[in-house]
Amino acid sequence: MSERLNVGLIGAGHFGRYHALKLAVAKRAKLVGLADADPERAKTVAWEAGCPVKSVEEILELAQAVIIAAPAEYHFDLAAKALRAGRHVLVEKPIAATLEQAAELAGLARAAGLVLQVGHLERFSAAHGALSARMGKPLYIEAVRIAPFKPRGTDVSVILDLMIHDLDLILALTDSPVAHVDAVGAPVASQHDDIANARIRFENGAVATITASRISLKTERKMRIFSQTGYLTVDFAARKLTLVGRGIGMKLPGFEEFGVEQAGWQDHDALLAEHEAFFASVLDGAPVVVDAQAGTRALAAALAVSKAIAESRAIAEASGLVPKV
């Protein structure tokens, strides 16, 4: 279809600005306006994107679809308001603050026949495509995502800020419900947990260990995956992937059945891909790549990690390992 979608943006902060600039040059969408709680911020980003500043109510009148990039605490209220107004919604992660809220959003979208997509950007990355194409069902996954401290994003814990990206990817790769979570974490530079480590066991027997930190001295994103067919390491920063398995690549000395294959990937614009997928779902009826079910699944895992951290902290406080807060 050649139809263009009238889209409004709610939230023009750090990431909302990227949404606005991408929408400004979109081939299948027209940015009809943006809203932000900070009038000066709204004015600046609207000037950059060449669109008018509007209120949320005005956007819901003008737009056929909205992208919600406001702080996480407002996701549910804004998404529910848009869905009740009959507007398709792309809401940034996390989908909501609670599973009950997520279920309500899913129900509103389903009842109205509207698209509800959740902004788990990693699903649209070239890296995700490269590793999922080369790996069978994982037995064990180890993921590390660490970065220096930035005030942005500290309205939520590192679990909902950073770890949820890897949770979503791992849930997609394992395709199995979570059976048990053990985790530890601590607030260091903010009021929420800034560093966390979780060990997750899935019902199919797979295990994942995930570390996330936003108080590190360097940025690092790596993943190691073991499966029945081989061993895969991924360095996301270097865009490098190494696979060890049977009957592939260069033979390993002493292990003639096994070989090593190295590959890379060419980065593409993941945000553009996410937008195009949203437009295709609305205009063409294409399946929603990251739907409410996927967003809820990632939220459930993140909340389970947060609960496990609270339980571990209570034990540590009772033993005197850490002082009571």
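This report concerns the structure included in the present document. Values in this document were obtained by computation on a predicted structure and should not be read as measured data.

Calculation criteria
- Residues numbered from 1 in each chain as written.
- Predicted model: local features only at pLDDT ≥ 70, side-chain atom pairs only at ≥ 80, totals over all residues.
- Heavy atoms only, no water.
- Axes fitted to C-alpha atoms, helices over the stretch in contact; angles between N-to-C directions.
- Helix = DSSP H or I, 4+ residues; strand = E, 2+ residues; numbered from the N terminus.
- Parallel < 35°, antiparallel > 145°, perpendicular 65-115°, else oblique.
- Left-handed = near helix turned anticlockwise from the far one by under 90°.
- Contact = heavy atoms within 4.5 Å.
- Nonpolar A, V, L, I, M, F, W, Y, C, P; charged D, E, K, R; others polar.
- Pairing = 2+ DSSP bridges.
- Buried < 20%, exposed > 50% of the residue type's maximum accessible area, 1.4 Å probe, protein only.
- Arc of directions from axis to C-beta.
- Polar contact = N/O pair within 3.5 Å; in protein donor to acceptor, adjacent residues only side chain to side chain.
- Core = buried A, V, L, I, M, F, W, Y, C linked by side-chain atoms within 4.5 Å.
- Right-handed = clockwise from strand over helix to strand, strands pointing away.
- Salt bridge = Lys/Arg side-chain N within 4 Å of Asp/Glu carboxyl O.

**Topic: the packing of helix H1 (residues 14–24) against helix H2 (residues 39–49)**
At their nearest, the axes of H1 and H2 sit 9 Å apart, and the two run at 25° to each other. With respect to their mutual orientation, H1 and H2 come out roughly parallel. Here the hand of the crossing between H1 and H2 comes out right-handed. Contacts between H1 and H2 involve His14, Arg17, Ala20, Leu21 and Ala24 from the former and Arg41, Val45, Glu48 and Ala49 from the latter. Classifying every residue of the contact of H1 with H2 gives five nonpolar, one polar and three charged.

**Remarks on the sheet that holds strand E2 (residues 29–35)**
In spatial order, the strands read E2-E1-E3-E4-E5; together these five strands make up an open sheet with parallel pairing. Both edges of this open sheet fall to E2 and strand E5 (116–119), since each of them pairs with a single strand only. Direction aside, the axes of adjacent strands within the sheet are offset by 20° on average. Where helix H4 (residues 75–84) meets the sheet, its contacts fall on strand E1 (5–10), strand E3 (65–68), strand E4 (88–92) and E5, and the angle it forms with E4 comes to roughly 170°.

**Some remarks on H2**
Of the positions making up H2, those classed as buried are Ala42, Val45, Ala46 and Ala49. The buried residues of H2 occupy an angular sector of 105° when projected down its axis, which confines them to one face. For H2, the exposed residues set more than 90 degrees away from the buried face come down to Glu40, Lys43 and Trp47. The elements touched by buried residues of H2 are H1 and E2. At the N-terminal boundary of H2, the capping side chain belongs to aspartate 38, with an oxygen 3.0 Å from the backbone nitrogen of glutamate 40. Glycine 50 occupies a position one or two residues after H2 and carries a positive phi of about 70°.

**Brief notes about the nonpolar core**
Taken as a class, soluble globular proteins show a tendency for nonpolar side chains to be buried jointly. Counting 79 residues, the largest nonpolar core has Val89, Ile95, Leu105, Leu116, Met163 and Val305 as the members making the most contacts within it. Counting residues per element, this core draws most heavily on helix H7 (residues 158–174), at 10 residues. Contact partners of valine 305, with chain neighbours within four places excluded, come to Ile159, Met163, Val181, Ala183, Ala198 and Ile200. Core analysis: the next-biggest nonpolar cluster, separate from the first, contains 24 residues, Leu23, Ala49, Cys51 and Leu90 among them.

**Notes on unusual backbone geometry**
The step from lysine 93 to proline 94 runs through a cis peptide bond, and the omega angle for that step is -10°. By the element assignment, proline 94 lies in the loop between E4 and helix H5 (99–112). Notably, aspartate 175 is not glycine yet its phi reads approximately 50°, a positive angle. Mapped onto the fold, aspartate 175 is located in the loop between H7 and strand E7 (178–186). The phi dihedral of arginine 239 falls on the positive side, at around 55°, and the residue is not glycine. With respect to the element layout, arginine 239 can be found in the loop between strand E11 (230–235) and strand E12 (240–246).

**Structural notes on the pairing of E1**
Across the six residues of E1, five count as buried, placing the element largely inside the fold. Relative to E2, E1 runs parallel, the two being bridged by six bridges. Each bridged residue has a counterpart across the sheet, and for leucine 9 the counterpart in E2 is leucine 34. On the question of chirality, the crossover connecting E1 to the parallel E2 by way of H1 is right-handed. Across four bridges, E1 lies against E3 in parallel orientation.

**A closer look at the pattern of salt bridges**
In this structure the tally under the stated criterion is 18 salt bridges. Notably, a salt bridge pairs lysine 22 with aspartate 269, separated by 2.5 Å at the nearest N-O pair. Of this pair, lysine 22 sits in helix H1 while aspartate 269 sits in the loop between strand E14 (255–264) and helix H8 (270–284), placing them 247 residues apart in sequence. Owing to a relative accessible area of 22%, lysine 22 belongs among the partly exposed residues under this scheme. A salt bridge links lysine 137 to aspartate 175, with the shortest nitrogen-to-oxygen separation between them at 3.8 Å. With a gap of 38 residues between them, lysine 137 in the loop between helix H6 (126–134) and strand E6 (138–146) and aspartate 175 in the loop between H7 and E7 connect regions that are remote in the sequence. Each member of the pair lysine 137 and aspartate 175 is classed as exposed. The network of salt bridges with shared partners includes Glu122, Arg145, Asp166 and Arg221.

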